[in-house]
Amino acid sequence: MDSNIIVTESSQNLRALGRDALAGKWKLAVLGTLLYMVITAVPVIILDMIFGNDITHQSGVATLYSILITGPVTLGYAMFAISIFRRRETNPGEVLYGFERFGKSLGLYIVMSIFIFLWCLLLIVPGIIAALRYSMCFYILADNPNMGIMEALNESKRMMRGNKWKYFCLNLSFIGWGILCLFTLGIGFLWLTPYVETSVIAFYDIANGSLRSVKSIEQNIEQRIEQNIEQRTEKDIEPPTAD
């Protein structure tokens with residue numbers, strides 16, 4: 001059995017890492033999230049208006065659309081959020097990059113959904129555990145474009161061994177913000193969604209070994225502040241150039 005890294009960082013610190021990554025990039029994150037939501041929601045509403053007969057049930061055409069685009073858009077948004085968290089150059093259009101791997105992302109979404117559904121047939125709890133087990137799949141595929149569907153599922157399964165409860169608690173810690181967003185008619189989710197996503201990526205990067213677990217997030221931020229102060233001081237003491 002392959003060993004894996006156990007995430008010991010608190011949900012508070014993981015959220016702080018997510019906020020730190022979004023500092024100065026909230027506008028970019030909100031625009032990318034808006035594009036993500038428009039692609040996933042607006043066409044469904046329009047298709048239901050055209051083809052739907054019952055407002056309480058989604059039309060077959062809208063359901064087919066959702067199945068076809070959920071995988072690519074989920075992959076694209078994961079790629080976008082990873083770029084923000086790792087401080088790489090990005091733009092909202094990266095949300096669409098998942099369509100460049102349409103077949104693999106669609107296949108991953110379908111296979112993962114089938115596995116979760118089959119576990120749900122037993123009881124709701126096994127279904128939730130299965131969803132947690134495969135929760136890292138799209139982040140893994142974003143980092144490893146040549147990886148196969150089953151490889152991504154198995155890697156997520158390995159990575160989440162011993163980490164499912166930590167990941168569940170991390171997501172649960174946002175429930176208060178989610179309730180508040182409901183009072184903004186859903187607009188608040190434009191800010192909450194990237195906040196959740198970058199916090200999850202902090203969890204993912206620790207679990208895959210690319211980010212060391214920090215004992216104190218304040219210490220990490222203080223180091224960056226000190227570096228900025230040193231850089232400014234060096235500029236201030238530079239001798240003036242002769243005319």
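Look a little higher up for the structure.
First, a word on what this report is: a plain description of the structure on this page. (Residues numbered from 1 in each chain as written. Predicted model: local features only at pLDDT ≥ 70, side-chain atom pairs only at ≥ 80, totals over all residues. Heavy atoms only, no water.)

1. Here's the deal with the overall build of the protein
1) Next: Helices and strands together make up the secondary structure of the protein, namely 11 helices and 0 strands.
2) Next: Each helix (α) and strand (β) of the protein, taken in turn from the N terminus, gives the series α-α-α-α-α-α-α-α-α-α-α.
3) Next: The buried share of the protein, reckoned over its 243 residues, is 40%.
4) Next: In the protein, of all internal contacts separated by at least 6 residues, the share reaching a separation of at least 24 is 73%.
5) Next: If you sum the accessible surface of the protein, you get close to 14100 Å²; carbon and sulfur atoms cover 64% of it. (Helix = DSSP H or I, 4+ residues; strand = E, 2+ residues; numbered from the N terminus. Buried < 20%, exposed > 50% of the residue type's maximum accessible area, 1.4 Å probe, protein only. Contact = heavy atoms within 4.5 Å. Areas by Shrake-Rupley, 256 points an atom, 1.4 Å probe, with all protein chains shown as cover.)

2. Description of the pattern of salt bridges
1) Next: Following the criterion strictly, the structure yields 4 salt bridges and no others.
2) Next: Residue Asp20 is joined to Arg87 by a salt bridge in which the shortest nitrogen-to-oxygen separation is 3.4 Å. Placement of the pair is Asp20 in helix H1 (residues 11–22) and Arg87 in the loop between helix H3 (60–85) and helix H4 (102–120), with a sequence separation of 67 residues.
3) Next: The buried category is assigned to Asp20, whose relative accessible area is 16%.
4) Next: A salt bridge links Asp143 to Arg86; its shortest N-O distance comes to 2.9 Å. Taken together, the residues span a long stretch of sequence, with Asp143 in helix H6 (residues 137–143) and Arg86 in the loop between H3 and H4 at a distance of 57 residues.
5) Next: Using a relative accessible area of 28% as the deciding quantity, one classes Asp143 as partly exposed. (Salt bridge = Lys/Arg side-chain N within 4 Å of Asp/Glu carboxyl O.)

3. Some thoughts on the nonpolar core
1) Next: Within the largest apolar cluster, 51 residues are counted, with the highest numbers of intra-cluster contacts made by Met136, Tyr139 and Phe203.
2) Next: Among the elements that line this core, the one with the most residues is H3, at 11 residues.
3) Next: In this view, Phe203 contacts Val7, Leu14, Met136, Met160, Asn163, Lys166, Tyr167 and Leu170; residues no more than four positions away in its chain are not counted. (Core = buried A, V, L, I, M, F, W, Y, C linked by side-chain atoms within 4.5 Å.)

4. A look at the side chain of Ser83
1) Next: Topologically, Ser83 is positioned in helix H3.
2) Next: The exposure class assigned to Ser83 is buried, which follows from its relative accessible area of 2%.
3) Next: Here Glu94 takes part through its side chain, which lies 3.1 Å from a polar atom of the side chain of Ser83.
4) Next: Once residues within four sequence positions are removed from consideration, Ser83 is found in contact with Arg88, Thr90 and Glu94. (Polar contact = N/O pair within 3.5 Å; in protein donor to acceptor, adjacent residues only side chain to side chain.)

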